[in-house]
Amino acid sequence: MPEAPRAKAFHHLPVSRRLTTLVVLACLASGCAGPVRTRFGGTAAPETPAMPYTVKPTAMPDDNGDRTVIVDALRTTGIGIADDSRNELTAAYTQRPSNVAVLVDNAAPPLSGAKKQRFLQSCHDTRYRLVLTVVDHATGTLIGRGWAEEDHCHGTGKPVLASLAARAADMLVHPVPEGSELSWTRD
């Protein structure tokens, strides 16, 4: 009995291509991976100190080593950590249902918009958001603010925080008003 043309075409693919295709299809079927959009942005004051500069972490999460993840991301971007720095860093790490928007006021665009559930999505998304703010303690002047957020159906914990910390820390060094990128990771 002759093979179906579709199956025959699949068998002619190189082994590595067949394995990649099978892994991707298995992940899609199991719901373990999917497209995740990271939204990010940052602002900097005109008198931002030249790099590298140091910060003193004042208000940061410390649950299960979350502080370490954020500090590592800061160091990777060239920002040092020093208890005697005049620049104070605060971090706010939040989560909420993705279908809930955060508004500044009714006339302005949302600070963080709502997301609709994707077609055939198996669960409701949670939006994770990290905001890093650096202020000159002596003058109260804002030196920089970087933020990042992602929506995840199954992804939680350190991998999500590590991704957000890397992007938010980068926004302190290379701020852009707003941007996004799509990656394939645990949704």
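Treat the numbers as computed from the prediction; the structure is a model and nothing was measured. Along every chain, residues carry numbers that run from 1 in the direction the sequence is written. Residue-level local features of this predicted model are given only where pLDDT is at least 70; pairs of side-chain atoms are given and counted only at 80 or more, and the full residue set underlies all totals for whole chains, interfaces and linings. Excluded from the side-chain calculations are hydrogens and water; all other atoms, namely the structure's heavy atoms, are used.

### Quick look at the overall build of the protein
Using the following cut-off: Numbering of helices and strands runs from the N terminus; a helix is a DSSP stretch of H or I covering at least four residues, while a strand is a stretch of E covering at least two. To sort residues, take the accessible area from a 1.4 Å probe on protein chains only and compare it with the maximum for the residue type: under 20% means buried, over 50% means exposed, and anything in between is partly exposed. Any two residues whose heavy atoms approach within 4.5 Å at even a single point are treated as in contact. Every accessible area reported is derived by Shrake-Rupley at a probe size of 1.4 Å, with residue values counting cover from the shown protein chains alone.
A count of helices and strands for the protein gives 4 helices and 7 strands. Each helix and strand of the protein, placed in order from N terminus to C terminus, yields the pattern α-α-β-β-α-β-β-β-β-α-β. A total of 187 residues make up the protein; the buried ones form 36% of that total. Sequence-distant contacts in the protein: of pairs separated by 6 or more residues, those separated by 24 or more amount to 74%. Element-wise, carbon and sulfur atoms account for 59% of the exposed surface of the protein, whose accessible area totals about 11,100 Å².

### Things to note about the packing of helix α3 (residues 66-76) against helix α4 (residues 157-173)
Under the convention used in this document: Note on definitions: angles span 0 to 180 degrees between N-to-C directions of axes, and those axes are lines fitted to C-alpha atoms, for helices only across the stretch in contact. Each crossing gets its handedness from the near helix: less than a right angle anticlockwise from the far helix is left-handed, clockwise is right-handed. Each residue receives one of three labels: charged for Asp, Glu, Lys and Arg, nonpolar for Ala, Val, Leu, Ile, Met, Phe, Trp, Tyr, Cys and Pro, and polar for the others, Gly being one of them.
Running from N to C, α3 and α4 cross one another at 35°; their axes reach a closest spacing of 8 Å. Of the two possible hands of crossing, α3 and α4 adopt the one that is right-handed. Counted together, D66, V69, I70, A73 and L74 of α3 and K158, L161, A162, A165, A166, A169 and L172 of α4 form the full contact between these two elements. Residues of the contact of α3 with α4, tallied by class, amount to 10 nonpolar, no polar and 2 charged.

### Regarding the side chain of E150
The criterion, for reference: Working convention for charge: Lys and Arg count positive, Asp and Glu count negative, and His plus the chain ends are omitted. Within this document, salt bridges are pairs made up of a side-chain nitrogen of Lys or Arg and a carboxyl oxygen of Asp or Glu, the two lying within 4 Å of each other. We define a polar contact as two N or O atoms separated by no more than 3.5 Å, with the added condition that, inside protein, one atom must be a possible hydrogen donor and the other a possible acceptor, whereas residues neighbouring each other in sequence contribute only through side-chain atom pairs.
One can find E150 in strand β6 (residues 142-152). The buried charged residue E150 lacks any salt bridge, with R167 as its nearest oppositely charged partner at 7.8 Å. A polar side-chain atom of E150 sits 2.7 Å from a polar atom in the side chain of S163. The residues contacting E150, other than those within four sequence positions of it, are V36, R37, T38, R39, T126, R127, Y128, V160, S163 and L164.

### A closer look at the confidence of the model for the protein
Inclusion rule: Every residue carries a pLDDT, the predictor's confidence in it, which falls somewhere between 0 and 100.
With 67% of its residues at a pLDDT of at least 70, the protein reaches an overall mean of 78. Element-level mean pLDDT values for the protein span from 55 in helix α1 (residues 5-11) up to 92 in α3.

### Side note on the nonpolar core
Buried together is how nonpolar side chains tend to be arranged in soluble globular proteins. The criterion, for reference: The criterion is simple. A nonpolar core is a set of buried Ala, Val, Leu, Ile, Met, Phe, Trp, Tyr and Cys residues joined through side-chain atoms within 4.5 Å.
Ranked by size, the top nonpolar core spans 27 residues in total, and within it I70, L74, L89, L130, L132 and L172 carry the most contacts. Mapped onto this core, the elements with two or more residues apiece are α3, β4 (87-97), β5 (126-136), β6 and α4. Sequence-distant contacts of L132, that is, excluding residues within four places in its chain, are made with I70, L74, L89, T90, A91, G144, R145, G146, A168, A169 and L172.

### As for the packing of aromatic side chains
The criterion, for reference: In summary, the pairing rule links any two rings of Phe, Tyr or Trp, Trp by its six-membered ring, whose centres are within 6.5 Å, and it sorts them by plane angle into stacked for under 30 degrees, edge-to-face for over 60 and tilted for everything else. As a reminder, the over-ring test applies to NZ of lysine and CZ of arginine, requiring each to be within 6 Å of the ring centre and within 35 degrees of the ring normal.
Taken as a whole, this structure holds 1 aromatic pair when the rule is applied. Note on Y93 and Y128: the rings are 6.5 Å apart at their centroids and 25° apart in plane angle, and the pair reads as stacked. Taken together, the residues span a long stretch of sequence, with Y93 in strand β4 and Y128 in strand β5 at a distance of 35 residues. With relative accessibility at 26%, the residue Y93 sits in the partly exposed group. Its guanidinium or amino end placed over the ring of W147, R129 lies 4.5 Å from that ring's centre, counting from NZ or CZ. Between R167 and the ring centre of F40, over which it is positioned, the NZ or CZ distance is 4.1 Å.

### Some words on the environment of L164
Within the secondary structure, L164 is located in helix α4. Judged by relative accessible area, L164 falls into the buried class, the value being 0%. Taking C-alpha positions, L164 is 6.4 Å from E149, a pair spaced 15 residues apart along the chain. With sequence-adjacent residues up to four places away left out, L164 is seen in contact with Y93, Y128, R129, L130, A148, E149 and E150.

### What about the pairing of β6?
The following threshold applies: Pairs of strands are assigned from DSSP output, requiring at least two bridges between the strands.
The buried fraction of β6 is high, at 9 of 11 residues. Two strands pair when backbone bridges link them, and strand β1 (residues 34-44) and β6 are joined in this way by 7 bridges, in the antiparallel orientation. Its bridge partner being in β6, R39 is matched across the sheet by E149. Where β5 hands over to β6, the hairpin turn is made up of 5 residues, of which G140 adopts a positive phi near 80°.

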